[in-house]
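Coordinate analysis (summary)
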Amino acid sequence: ERYLLRGGMNGTMLLQVQNAVKGVFVPREALAGTVQSPQVYLVRNGRAVLSKVNIGVTLGNEIQITGGIRDGEEIVTAGMNSLKDSVTIKVAGTR
């Protein structure tokens, strides 16, 4: 009760936050599975390969991937509704 803020009063608050979250973030639309069973399509040898991943925090429309992919792997971020596991794909902007 000693530090109650009442109507008409104002105050200053110092809020300490953790360091920025680091890691791989993908658009929420890149998730092919559910939050309980998250999956993404990885691009491997010209094919879309469905892969289970581990997810961390959500920041706005971005979801952190904490496991299940390796450094340098490409993730499909659009058009997942028309994909099936191991189907041949062409990455936009490539020949």
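Reading guide: rules and limits
Residues numbered from 1 in each chain as written. Predicted model: local features only at pLDDT ≥ 70, side-chain atom pairs only at ≥ 80, totals over all residues. Heavy atoms only, no water. 1 Å grid on protein atoms, 1.4 Å probe; cavity = no way out; pocket = protein on both sides within 12 Å on 5 of 7 lines; lining within 4 Å. Points joined across faces, edges and corners; volume = space filled by probe spheres on them. Nonpolar A, V, L, I, M, F, W, Y, C, P; charged D, E, K, R; others polar. Salt bridge = Lys/Arg side-chain N within 4 Å of Asp/Glu carboxyl O. Helix = DSSP H or I, 4+ residues; strand = E, 2+ residues; numbered from the N terminus. Buried < 20%, exposed > 50% of the residue type's maximum accessible area, 1.4 Å probe, protein only. Pairing = 2+ DSSP bridges.

Further remarks concern the layout of surface pockets. Here the largest pocket defines a volume of roughly 190 Å³. In this structure, the largest pocket is lined by V43, E74, I75, V76, T77, A78, G79, L83, I89, K90, V91 and A92. By residue class, the composition of the lining of the largest pocket is eight nonpolar, two polar and two charged.

This part is about the pattern of salt bridges. Should their charged atoms come close, side chains of opposite charge can pair. For the coordinates displayed, the defined rule picks out two salt bridges. As a salt-bridge pair, E73 and R44 come within 2.7 Å of each other at their nearest N and O atoms. With E73 in the loop between β5 (62-67) and β6 (74-75) and R44 in strand β2 (residues 39-44), this residue pair connects regions lying 29 residues apart in the sequence. The exposure class assigned to R44 is partly exposed, which follows from its relative accessible area of 30%. The partner of R70 in a salt bridge is E73, and the shortest N-O contact between them spans 3.6 Å. Linked through salt bridges whose partners overlap, the residues forming this network are R44, R70 and E73.

Spatially, four strands are ordered β6-β2-β3-β7 in an open sheet, and the strand pairing comes out antiparallel. In this open sheet, the two strands that pair with only one neighbour each are β6 and β7 (87-88). The pairing of β2 with β6 spans two bridges and is antiparallel. Counted as the bridge partner of V43 is E74 from β6.

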